[in-house]
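Observations on chain architecture
Spelled out from the first residue to the last, the chains are:
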Number of protein chains: 2
Amino acid sequence: MQKNNIDDRWIRAVTVKTDAPGLKNNTGDVDRLIKAIEKAFPGPIIVPELSLIKEAPALLRKHGYEVDALFYEEEGRRVLFDLRPCHGENPLFGLAVDLGSSTVVVRLVNLLSGEVADETSFLNPQTEIGPDILTRIHYAGKPGGLAELQRLVVDGLNREVYAIARKKGISPSDIAGMALAGNTTMTHLFLGLDPYWLCREPYIPAINAPPLFKASDLGIPIHPEAPVLIFPNVGSYFGGDLIAGILASGMAETEDLSILVDVGTNAEVVLGNRDWLAACAGAAGPALEGGVASMGMMAGPGVIDRVRIDPASQEVTIRTIENKPPVGICGSGLIDLAAQLYLAGMIDLRGKFVADRCGERLRDEDGIHHFVVVRSKDSGSGHDLTLAQTDIDALLRSKAAMYTILTTITNMVNVSMKDVVNFFVAGTFGSYIDPRSAVIIGMLPDLPLERYKPLGNTSLEGATKGLLSKKAVKKIREIRDTITYIELNVNQEFMNLFSAARFIPHTDKSLFPSVQLLK
Amino acid sequence: MQKNNIDDRWIRAVTVKTDAPGLKNNTGDVDRLIKAIEKAFPGPIIVPELSLIKEAPALLRKHGYEVDALFYEEEGRRVLFDLRPCHGENPLFGLAVDLGSSTVVVRLVNLLSGEVADETSFLNPQTEIGPDILTRIHYAGKPGGLAELQRLVVDGLNREVYAIARKKGISPSDIAGMALAGNTTMTHLFLGLDPYWLCREPYIPAINAPPLFKASDLGIPIHPEAPVLIFPNVGSYFGGDLIAGILASGMAETEDLSILVDVGTNAEVVLGNRDWLAACAGAAGPALEGGVASMGMMAGPGVIDRVRIDPASQEVTIRTIENKPPVGICGSGLIDLAAQLYLAGMIDLRGKFVADRCGERLRDEDGIHHFVVVRSKDSGSGHDLTLAQTDIDALLRSKAAMYTILTTITNMVNVSMKDVVNFFVAGTFGSYIDPRSAVIIGMLPDLPLERYKPLGNTSLEGATKGLLSKKAVKKIREIRDTITYIELNVNQEFMNLFSAARFIPHTDKSLFPSVQLLK
């Protein structure tokens, strides 16, 4: 699945020379062109678009019957959708889009070289309707609501497309394809599909595996006939972003056992290899996104992402993003902080502050312990940045949920956590997290640290692969057909596992031998 | 290729019941629907249209997961394009269109029963630009000309669609497909393709075999996603109307040798059977359409279509269409008249009037003999209806061209005219012509009369077959792939044959033994 393997592209420009017409060769222009392509580039049957049929005769004659022909391949056929003069190399781009509910990331990809030409992101304009998905689903039910939600995100994308094209000095019609990955609700809203049944039992998407659409049918101002690949979903709670993640990780192409974890409000977990894939998702709580703690926030300048505490002096050292004065803490910083507090004996295995170890940094507010991480004089906000007992409690619930989901899924498919060769952690969270700290608090299993692999934006990376590669498109289908989605039953057994996992690192210390060595 | 074979339809409505969704079956609505169709109606992969994906969830729930699903089949896939409630039988129609340069015939066909529900025709509104094709091609080259020509015919068709739907009490969206046959130029103008290169050496169509189009892409106000089948052409001078004619005749499905003749300004001839087909076209002159003779006109009320002359009394008896007072003569009437004049000895084998046999009906006008067919007192126009010597001369040139084309094509593929089992005569001309008279003047070969089979509007009939039958669609492709178009070279040999054929019936009387018996 090499990016520069041009034969593996499903959106292609090929240079073809047709025979000149003559009294002995009076085949139609487009038919002659199709024959020439089929001869030079064997493959499925070629179907021409009407707009191309209209342009072909004049263009072929003007350029001596030698042109660049643009086609894309879909199951069982190739759609011929544009012709261009072929002096020198015509630009040919595609868009990979990660359609997040809060952030939309757009990547301009050179379809000839396979390289990323530009990348940009914008706030999903649907957040003006509501930051969370349920608010948007509810809004879609109001008169005109669905259309407005669709328009907001499509308009937002369009502004970005025009800006990128202007910046790179290309025409929007040089963008000949798009691949988009998003969760099931985001994808529904993007396509104008009613999300009503997504959030109501039994949680049924309008469609799991959308066909290719034309850009103009979706109102995207790239080449009007350009194909748009929408990543399929496996259900309401397992979207195309995760399929893209699996694709990006490569876990479905190796015999090694891998786990892919994507942490957000939901923790989504995929386990498997090239032969089988099992997935589940569960509420992990917003603590891991920094969404609950009083000082919590999303990663950004001035946000604490690393904490070290000297066990001897209890001295707290922090690192902030871009080294700006600290203003808050993100999920990965929170995990670091909890791990360091635990190692320094400042919280116990139940996560409770140990007063005589915390010293004067611990204070009582309305009967709740608060630990001052950064004093007002050192903070960017002018206020103390504090961690409340309730923040730690929330974090421990989240980490327990995460570990329980991992335990449950490995138990269900009867594999051992220690056989997991690759442990991929996706998303911004995955990029910032220190796996060592996550193991110390018992959020992630006690595996050799080199098995933990941060992957960054796997949704975007998967979309890029899907845009560039026929094999990847095939793989997407295989992943979808292979995957078994396991519904998490929050039953007694789950609750028992969850309770055991609320301790640091776990009630069963033998599960975390490396943590034992540190205490 | 029976019309009522519902399994042979390529545009179909099928009633399907999907499983109800549940926590154990959380497959997407459209995916579940597609699975149900694939199970009940095995076939190529099914691709859903966006509009259907949008409507499916609500419709499926409203109707208990049982619906009528509309799909059409094209090479390698089936396109699912509408869902309808299934209480009782939903109407389902298609349009078959014969797109003539002067007359457009529209047939409403019931896609369930295969029966013709209505038929209507209108003057091709492009005639306001010019009656002949070359004028229209020229006009298409002017700014906005092509778009205007396309708009004229599409608007004309649309008026007819609305009128038919209103008359039959159906919604235009109940019309789920269309098949259109026309000559190559008419088809180009209908699709908005520049006809510039059609009439310039080497006479190249933009496309021979158009793909299926969507009705909405062509501006036809039937179901917006309905497929439109445009009959393919073999070249500028052998259009989809003739492919439709071959299909309608059935000549490509039997081992019997057949000839299909379509006579207009051009005489188009197809010879062959299910294994091979050879075709040619040549200028036959407008005489056969009634377009030259001073009393000539197209078939219509009051037009003479049969003539008998008593050889003893030289008494002329005529029959007119709808028995209206005579106003002119059509091509078939002209052939009848010439044959009867010849048998009565009133014209000789060169077609010259024999003065002493014609008597007082013959008179001289400006040095040219005129034969009074109908006297002013008996005519519907109040004037004498006369046949000039020049009219007979034109007719003999036309009939000679026809016979020469037939001789040339049979010679070229090395078959004998007498081995022709079926001699199909297409068009209005074919319906009115008396083959006996055509043989007498030596226009058609001297075959047993029962071999001559009038077929009526074969373009419309072929379009109807194409609309109704998957096998017919396959056959259209086979016909196109099989046919060899023979360019008629008007060389010395052709001219020799032509000169010999200008006599009545022919200089070589042995070719017309049955005519010899009559004289």
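Here the residue index of a chain counts from 1 through its sequence in written order. Chains carry letters from A onward and ligands carry numbers from 1 onward, assigned in written order. Local features in this predicted model are restricted to residues whose pLDDT is 70 or higher, and side-chain atom pairs enter the listing and the counts only when it is 80 or higher, whereas totals over whole chains, interfaces and linings include all residues. Here the side-chain values reflect all heavy atoms present in the structure, with hydrogen atoms and water set aside.

On to the side chain of Arg480 of chain B. Residues and elements named next belong to chain B. Think of it this way: any DSSP run of H or I at least four residues long counts as a helix, any run of E at least two long counts as a strand, and we number them from the N terminus. As for its placement among the helices and strands, Arg480 is situated in helix α14 (residues 470-482). The cut-offs for exposure are 20% and 50% of the maximum accessible area for each residue type, with area from a 1.4 Å probe on protein chains only; residues under the lower value are buried, those over the upper are exposed, and the others partly exposed. None of His or the chain ends enter the tally, which takes Lys and Arg as positive and Asp and Glu as negative. When a carboxyl oxygen of Asp or Glu lies within 4 Å of a side-chain nitrogen of Lys or Arg, that pair is called a salt bridge. No salt bridge is formed by the buried Arg480; the nearest opposite charge belongs to Asp481, separated by 4.0 Å. N or O atoms within 3.5 Å of each other form a polar contact, as long as, within protein, one can give a hydrogen and the other can take it, and as long as residues adjacent in sequence are counted only when both atoms are side-chain atoms. Side-chain polar atoms of Arg480 contact the backbone oxygen of Asn233, separated by 3.2 Å. The contact partners of Arg480, leaving out residues within four places of it in the chain, are Asn208, Ala209, Pro232, Asn233, Val234 and Ile243. The contact criterion used is simple: two residues touch if any of their non-hydrogen atoms lie within 4.5 Å.

A word on the relation of the copies chain B and chain A. We superpose the copies by least squares over the C-alpha atoms of residues that have a pLDDT of at least 70 in both of them. Once chain B has been moved 0.0 Å along the axis and rotated by 180°, it coincides with chain A to within an RMSD of 0.1 Å. Both chain copies can therefore be described as sitting about a two-fold axis. For chain B, the smallest separation between a C-alpha atom and the rotation axis is recorded for Gly76 of chain B, amounting to 3.1 Å. Counting the interface residues of chain B, we find that 100% of their copies in chain A are interface residues as well, pointing to one common contact surface.

All right, on to the interface of chain B and chain A then. Across the contact, 42 residues belong to chain B and 42 residues belong to chain A. Two parts lose some accessible area (1.4 Å probe) when they are put together, and adding that loss for both gives the buried area. Taken together, the two surfaces of chain B and chain A that pack against each other cover about 3500 Å², and 65% of this comes from carbon and sulfur. Between the two partners, chain B and chain A, sit two salt bridges. Where chain B packs against chain A, one counts 12 residue pairs in polar contact (both at pLDDT 80 or more). Among the elements of the structure, α1 (29-40), β2 (45-48), α2 (50-62) and α6 (215-218) of chain B are those that each provide at least two residues to the side of chain B that touches chain A. The dominant element in the side of chain B that touches chain A, judged by the number of residues it contributes, is α2 of chain B, at six residues.

Let us now look at the packing of helix α3 (residues 133-140) of chain B against helix α4 (residues 145-168) of chain B. Residue and element names in this part refer to chain B. Contact geometry of α3 with α4 gives a least axis separation of 7 Å together with a crossing angle of 130°. As judged from the angle between their axes, α3 and α4 are oblique. For the pair α3 and α4, contact is made by Arg136, Tyr139 and Ala140 and by Gly145, Leu146, Glu148 and Leu149, respectively. Its residues placed into classes, the contact of α3 with α4 shows four nonpolar, one polar and two charged. Every angle, taken between N-to-C directions, lies between 0 and 180 degrees, and every axis is a line fitted to C-alpha atoms, over only the stretch in contact when it is a helix. If an angle is under 35 degrees, it is roughly parallel; if it is over 145, roughly antiparallel; if it lies from 65 to 115, roughly perpendicular; otherwise it is oblique. Classification convention: Asp, Glu, Lys, Arg as charged; Ala, Val, Leu, Ile, Met, Phe, Trp, Tyr, Cys, Pro as nonpolar; all other residues, Gly among them, as polar.

With that settled, consider the sheet that holds strand β13 (residues 277-283) of chain B. Residue and element names in this part refer to chain B. Within the open sheet, the six strands sit side by side as β21-β20-β11-β12-β13-β22. Their pairing is mixed. With partners counted over all chains shown, the strands left at the sheet margins are β21 (452-456) and β22 (483-485), one partner each. Direction aside, neighbouring strands of the sheet carry axes that sit 20° apart on average. Note on pairing: DSSP must find at least two bridges between two strands before they are called paired. Two strands pair when backbone bridges link them, and strand β11 (residues 258-263) and strand β20 (residues 422-426) are joined in this way by five bridges, in the parallel orientation. Bridged to Ser258 within β20 is Asn422.

So, about the side chain of Ser236 of chain B. Residue and element names in this part refer to chain B. Turning to its location among the elements, Ser236 is positioned in the loop between β10 (227-230) and α7 (240-249). Taking relative accessible area as the criterion, Ser236 reaches 9% and is therefore assigned buried. One polar contact links the side chain of Ser236 to the main-chain carbonyl oxygen of Leu198, over a distance of 3.2 Å. Of note is the side chain of Ser236, whose polar atom sits 2.8 Å from the backbone oxygen of Tyr203.

Our focus in this paragraph is the pairing of strand β11 (residues 258-263) of chain A. All names here are of chain A. Counting buried residues in β11 gives six out of six residues, a clear majority hidden from the surface. Across the two faces of β11 the burial is the same, with Ser258, Leu260 and Asp262 and Ile259, Val261 and Val263 all buried. Bridge count between β11 and strand β12 (residues 266-272): six bridges; the pairing is antiparallel. When the sheet's bridge partners are listed, Asp262 is paired in β12 with Glu268.

Residues separated by three or four positions in an α-helix point in the same direction, a consequence of the helix having 3.6 residues per turn. Residue and element names in this part refer to chain B. With 24 residues, helix α10 (residues 389-412) extends 34 Å from end C-alpha to end C-alpha; this agrees with the ideal 34 Å at 1.5 Å per step. Within α10, 20 of the 24 residues are buried, leaving the element largely enclosed by the surrounding structure. With its phi angle positive at about 65°, Asn414 sits one or two positions after the end of α10. Every helix has an expected span of 1.5 Å times one less than the residues it contains.

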